[in-house]
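# Structure assessment
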Amino acid sequence: MTVTSRQLVLASRPKGAPSKENFELKKVDLPDLEKGEVLLRTIYLSLDPYMRGRMSDAESYAKPVEIGDVMVGATVCQVEKSKNDKYKEGDWVLAQTGWQDYAISKGEGLTQLGKNPTNPSYALGILGMPGFTAYMGLLDIGAPKSGETVVVAAATGPVGATVGQIAKIKGCKVVGVAGGLEKCQYAVEKLGFDACIDHKAEDFALQLKNACKDGIDVYFENVGGKVFDAVMPLLNACARIPLCGLVSQYNASSLPEGPDRMFMLMGQLLRKRIKMQGFIIFEDYGDHYPEFSKEMQRWLKEDKISYREHMVEGIENTIAAFNDMLSGKNFGKTVVKINSPL
């Protein structure tokens, strides 16, 4: 029986926010399985900010997606058919099959999730790349000490929410930055942050200053832009800045208007001996994943970490969901449910 897979392929490189015109939804008949191969049925697709960079041909840490290729992305799949002794029909796996219904794999690069994982989509979020990013970025680069003040942008996203909760576990004061009253209330009431400031408020910078009476010791950077402008003067001597993302700039096609603030930033880094370090999670910390996985599963079991997903259904809604994520309209980790489980 022929299996037809729907695929979202990159048709042109976006200028600004990606649109439907930048992608083509194709239907492709997959070949029969050969020995050693498995047919993977995509159940959940992860949408993450880094994908915007892969749509561009600008120089980066990873190769861009070529025009005509399936858009990349982490997926949680089930094995629908198998000619590989290591995988049986119905097995759940973490894969990198991208924006498509089905994929054929030789079994390389797959992570077994078992027959009946409790929350299989968590492998794309709190137990996957976003959670791992929060864990290592905060604990290794941020190196928070009990009693210090930690500020995190995009505070209710999958990385920011995890950063803040780990910082609380480590005894820190945590101030989040998020967009809108609902998200800020969630950060305080559900995630346990000490405060959360709405970056849409006219007096945002003043509110942040008032919430950080003792300055900022660790700032976990996810967004850049005006949020960093407000953070910069509040940084303490020897502050640490894990540089995870700059989502406010990902759709930019030109430099922002206004004065060049680079000299001010460089001066702050020098005078206050501030450490600011970018990182690529699996390239820099891949060997630490088992440590993270064990610790995070323990925290989840002990209800020390809360996690929220923003679930969207249907491959046809992927592009809109991606843009909503970049503009902050999502609430939690954005996951697209592509197919129902077997």
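Here goes a summary of the coordinates provided. (Residues numbered from 1 in each chain as written. Predicted model: local features only at pLDDT ≥ 70, side-chain atom pairs only at ≥ 80, totals over all residues. Heavy atoms only, no water.)

Scanning the entire structure with this criterion turns up 11 salt bridges. Here D57 makes a salt bridge to R13, at a shortest N to O gap of 3.9 Å. Of this pair, D57 sits in the loop between α1 (50-54) and β4 (75-82) while R13 sits in the loop between β1 (3-10) and β2 (23-30), and the two are 44 residues apart along the sequence. By relative accessible area, R13 is classed as partly exposed at 23%. Taking the shortest distance from any N to any O, the salt bridge between D48 and K333 comes out at 3.2 Å. With a gap of 285 residues between them, D48 in the loop between β3 (38-46) and α1 and K333 in strand β15 (residues 333-337) connect regions that are remote in the sequence. (Salt bridge = Lys/Arg side-chain N within 4 Å of Asp/Glu carboxyl O. Helix = DSSP H or I, 4+ residues; strand = E, 2+ residues; numbered from the N terminus. Buried < 20%, exposed > 50% of the residue type's maximum accessible area, 1.4 Å probe, protein only.)

Attention now moves to the environment of D57. With a relative accessible area of 57%, D57 lands in the exposed category. Distance from D57 to L113, taken between C-alpha atoms, is 34 Å for residues 56 residues apart in sequence. In contact with D57, other than residues within four places in its own chain, are R13 and P64. (Contact = heavy atoms within 4.5 Å.)

On to the nonpolar core. Counting residues in hydrophobic clusters, the biggest one holds 37 residues, and the most contacted among them are L138 and M296. Sorting the residues of this core by element identifies α2 (129-142), β8 (149-152), α3 (158-169), β9 (173-178), α4 (181-189), β11 (216-220), α8 (281-285) and α9 (289-301) as the ones contributing at least two each. At 6 residues, α2 tops the list of elements feeding residues into this core. Excluding residues within four positions of it along the chain, L138 makes contact with T133, A143, P144, V150, V163, I166, A167, V218 and F220. (Core = buried A, V, L, I, M, F, W, Y, C linked by side-chain atoms within 4.5 Å.)

Taken together, 6 strands build an open sheet; the order of strands is β10-β9-β8-β11-β12-β13 and the sheet is parallel. The two strands at the open ends of the sheet, each matched to only one other strand, are β10 (195-198) and β13 (275-278). Between one strand axis and the next, the sheet turns by 15° as a mean value, whatever way the strands run. The pairing of β9 with β10 spans 4 bridges and is parallel. Bridge pairing in β10 places V175 opposite A195. Here helix α5 (residues 204-211) sits on the sheet in contact with β8, β9 and β10, set at roughly 170° to β10. (Pairing = 2+ DSSP bridges. Axes fitted to C-alpha atoms, helices over the stretch in contact; angles between N-to-C directions.)

For any two aromatic rings, the description comes down to two numbers: the centre-to-centre distance and the angle of the planes. Scanning the entire structure with this criterion turns up 14 aromatic pairs. Aromatic pair F132 and Y289: ring centres 5.3 Å apart, planes at 85°, arrangement edge-to-face. Linking F132 in helix α2 with Y289 in helix α9, this pair joins segments that are 157 residues apart in sequence. By relative accessible area, which is 0% here, F132 ends up buried. Among the aromatic residues, those joined into a ring-pair cluster are F132, Y135, F282, Y289, F292 and W299. Over the face of the ring belonging to Y186 we find R308, whose NZ or CZ atom lies 5.2 Å from the ring centre. The cationic tip of R308 hangs over the ring face of F331; the distance from NZ or CZ to the ring centre is 3.6 Å. (Phe/Tyr/Trp six-rings, centres within 6.5 Å; stacked < 30°, edge-to-face > 60°. Lys NZ or Arg CZ within 6 Å of the ring centre and 35° of its normal.)

Summarising burial for β15: 4 of the 5 residues are buried, a large majority. Two strands pair when backbone bridges link them, and β3 and β15 are joined in this way by 3 bridges, in the antiparallel orientation. Each residue of the ladder has a partner; that of Y44, found in β15, is K337. Read from strand β14 (residues 309-313) through helix α10 (residues 318-326) to β15, the crossover connection turns out right-handed. (Right-handed = clockwise from strand over helix to strand, strands pointing away.)

Remember, this is a structural readout, not a statement about activity or role.
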